[in-house]
Amino acid sequence: MDLMKGKKGIIFGVSNTHGIAYGIAKQLHEAGAEIAFSYAGEAMEKRVRPIAESMNAKIIMSCDVTKEDEVKAVFDEVEKVYGKIDFVVHAVAFAPKEALMGRFIDTTKEAWNIAMGVSAFSLVTVAKYAEPVMKEGGSILALTYLGSILSVPSYNVMGVAKAALESSMRFLAVDLGSKGIRVNCLSSGPVKTLASMGISGFSKMLKAAVMRAPLKKNVSLDDVGKAGLYLASDLSSGTTGEVIYCDCGCHSAYASAEEMDTLSASEN
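Residues numbered from 1 in each chain as written. Predicted model: local features only at pLDDT ≥ 70, side-chain atom pairs only at ≥ 80, totals over all residues. Heavy atoms only, no water.

Caption draft 1: The pattern of salt bridges, seen in detail. Going through the model one piece at a time under the given rule, you end up with 12 salt bridges. Note that Glu-68 and Lys-128 form a salt bridge whose closest N and O atoms lie 2.9 Å from each other. With a gap of 60 residues between them, Glu-68 in helix 3 (residues 68–82) and Lys-128 in helix 4 (residues 109–130) connect regions that are remote in the sequence. Given a relative accessible area of 37%, Glu-68 falls into the partly exposed group. As a salt-bridge pair, Glu-131 and Lys-179 come within 2.5 Å of each other at their nearest N and O atoms. Here Lys-179 lies in the loop between helix 5 (156–177) and strand 6 (181–188) and Glu-131 lies in the loop between helix 4 and strand 5 (138–144), a separation of 48 residues in the sequence. Residue class for Glu-131 comes out partly exposed when judged on its relative accessible area of 28%. Accessibility expressed as a relative area gives 46% for Lys-179, which makes it partly exposed. A single salt-bridge network, built from bridges that share partners, covers Glu-45, Arg-49 and Glu-53. (Salt bridge = Lys/Arg side-chain N within 4 Å of Asp/Glu carboxyl O. Helix = DSSP H or I, 4+ residues; strand = E, 2+ residues; numbered from the N terminus. Buried < 20%, exposed > 50% of the residue type's maximum accessible area, 1.4 Å probe, protein only.)

What follows is the structure in structure tokens.
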């Protein structure tokens with residue numbers, strides 16, 4: 001498939017072959033895109049470099065997205081090597097583990113600031129430096145989750161950070177629209193990744209999603225990767241300022257018939 005032939009871009013946040021960012025990178029690469037990769041510090045390089053090299057990446061750079069000078073350095077190198085780019089994927093999120101446990105009301109200010117800085121404000125920084133390099137328009141895509149609009153057990157401050165990410169996306173879409181740059185969020189259903197397994201009770205979330213989803217299954221990395229490909233490609237040329245869900249319909253259902261039957265049985 002040559003959907004992305006001649007297209008160039010960068011992905012922030014690939015960390016292993018089991019994550020959503022990798023699922024998107026794989027689809028983009030197979031569609032013909034040239035991809036630059038960033039990794040978060042020296043410890044992550046040994047995970048990311050083999051993935052990037054397998055996709056013939058010309059740029060593999062360390063980047064702490066909370067440091068503006070490092071984000072700028074990445075885009076300076078991207079412009080030097082490619083001249084211009086067509087897509088950016090923001091797949092970066094983090095909150096201290098203790099902030100994803102217990103009650104949200106016990107969230108500390110420090111945990112709040114970390115989650116917001118890494119997971120939300122970094123999109124603003126990335127977009128700021130992507131703008132001058134996206135000389136012929138293109139797509140900026142950020143990853144979000146249903147916990148941005150619903151209270152999800154153990155998601156806590158990350159849900160608030162994702163809400164901020166989605167709101168930022170809408171303002172960025174307006175700022176950059178006149179340049180032909182689209183900005184959207186992709187909201188994936190629960191996928192068994194190394195990051196998600198750090199969320200308390202995640203296995204129960206997977207089972208609950210299957211019960212509620214109209215398609216009666218959880219999404220796969222391929223499912224989410226294809227949705228990412230759509231948003232990064234010209235197929236989504238008329239879509240901006242949107243949250244696109246790829247969760248087998250889970251976000252659209254209040255409750256499944258099975259859940260209602262269980263509740264009815266418990267009342268009798």
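So much for the structure itself; the text now carries on.
Caption draft 2: Focus on the pairing of strand 2 (residues 34–39). By the criterion of burial, strand 2 is predominantly enclosed, with 5 of the 6 residues buried. Once you follow strand 1 (residues 8–12) into helix 1 (residues 20–30) and on to strand 2, the crossover reads as right-handed. As paired strands, strand 2 and strand 3 (residues 60–62) are joined by 3 bridges and run parallel to one another. The residue of strand 3 that forms the bridge with Phe-37 is Ile-60. Viewed along the sheet, the connection from strand 2 through helix 2 (residues 42–54) into strand 3 turns out right-handed. (Right-handed = clockwise from strand over helix to strand, strands pointing away. Pairing = 2+ DSSP bridges.)

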